[in-house]
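Coordinate analysis (summary)
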Amino acid sequence: MASFENFDDDRDQIYISGLPRDVTEDQLASHFGQIGTIKLDKKKRPPTPKARIGIWLYRDKATGQLKGDATITYEDPFAASQAPSWFDGKEFLGK
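The structure reproduced in this document is the subject of the present report. Everything numeric in this text was worked out from a predicted model, so none of it was measured.

1. Some words on the pattern of salt bridges
- Scanning the entire structure with this criterion turns up one salt bridge.
- Residues Lys-39 and Asp-12 are paired through a salt bridge, measuring 2.8 Å at the closest nitrogen-oxygen approach. On the criterion of sequence distance, the pair formed by Lys-39 in the loop between α1 (25–32) and β3 (55–59) and Asp-12 in the loop between β1 (3–6) and β2 (13–17) is long-range, its members being 27 residues apart.
- Take Asp-12: its relative accessible area is 17%, and that puts it in the buried class.

2. Observations regarding the pairing of β3
- Sheet topology places β3 next to strand β4 (residues 66–73); four bridges connect them, and they run antiparallel. Across the sheet, residue Arg-59 finds its bridge partner in β4, namely Leu-66.

3. Focus on the packing of aromatic side chains
- Taken as a whole and assessed by the stated rule, the structure comprises three aromatic pairs.
- With 6.1 Å between their ring centres and 65° between their planes, Tyr-15 and Tyr-58 make a pair best called edge-to-face. Taken together, the residues Tyr-15 in strand β2 and Tyr-58 in strand β3 connect sequence positions 43 residues apart.
- A relative accessible area of 31% means that Tyr-58 is categorised as partly exposed.
- Between Phe-32 and Phe-92 the ring centres are 5.8 Å apart and the planes differ by 45°, which places this aromatic pair in the tilted class. Of this pair, Phe-32 sits in helix α1 while Phe-92 is found in the segment after α2 (77–87), placing the two residues 60 residues apart along the sequence.
- Taking NZ or CZ as reference, Lys-90 lies 4.4 Å from the ring centre of Trp-86, over its face.

Thresholds, definitions, all that
- The written sequence of each chain sets the order in which its residues are numbered from 1.
- Totals for whole chains, interfaces and linings use every residue, but because this is a predicted model, local features are given only for residues with pLDDT of at least 70 and side-chain atom pairs only at 80 or more, for both listing and counting.
- Just so you know, side-chain values use all the structure's heavy atoms and leave hydrogens and water out.
- Salt bridge, as used here: a side-chain nitrogen of Lys or Arg that lies within 4 Å of a carboxyl oxygen of Asp or Glu.
- Helix and strand assignments come from DSSP, with helices taken as H or I runs of at least 4 residues and strands as E runs of at least 2, each series counted from the N terminus.
- Only protein chains enter the accessibility calculation, which uses a 1.4 Å probe; a residue is then buried when its area is under 20% of its type maximum, exposed when over 50%, and partly exposed in between.
- A strand pair is defined by DSSP finding two or more bridges across the two strands.
- Here the aromatic set is Phe, Tyr and Trp, taking the six-membered ring for Trp, and pairing holds for ring centres within 6.5 Å; pairs whose planes are under 30 degrees apart are stacked, those over 60 apart are edge-to-face, and all others are tilted.
- Note on geometry: a ring has a charge over it if NZ (lysine) or CZ (arginine) is within 6 Å of the ring centre and within 35 degrees of the ring normal.

The following block contains the structure:
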């Protein structure tokens with residue numbers, strides 16, 4: 001099960017750990033986008049799934065493999081502040 005941390009009530013970002021190592025940005029966007037809009041790269045017209053700058057998947061520097069950690073950046077700091085309590089204990093990808 002994933003665990004969550006909100007960095008600060010004024011911030012628009014959350015940290016998630018314990019994710020499956022094969023998770024994709026699209027899966028994270030679909031799930032965590034339920035509570036608010038995830039930031040998009042506004043320089044790209046029209047926005048594409050790869051244009052999300054609000055999702056960061058952490059990788060091992062030596063192997064390039066995903067670590068199971070991510071940050072999600074929302075357009076609205078309120079959504080970020082509510083995300084940990086909203087998603088905590090909820091099913092993600094069937095787990």
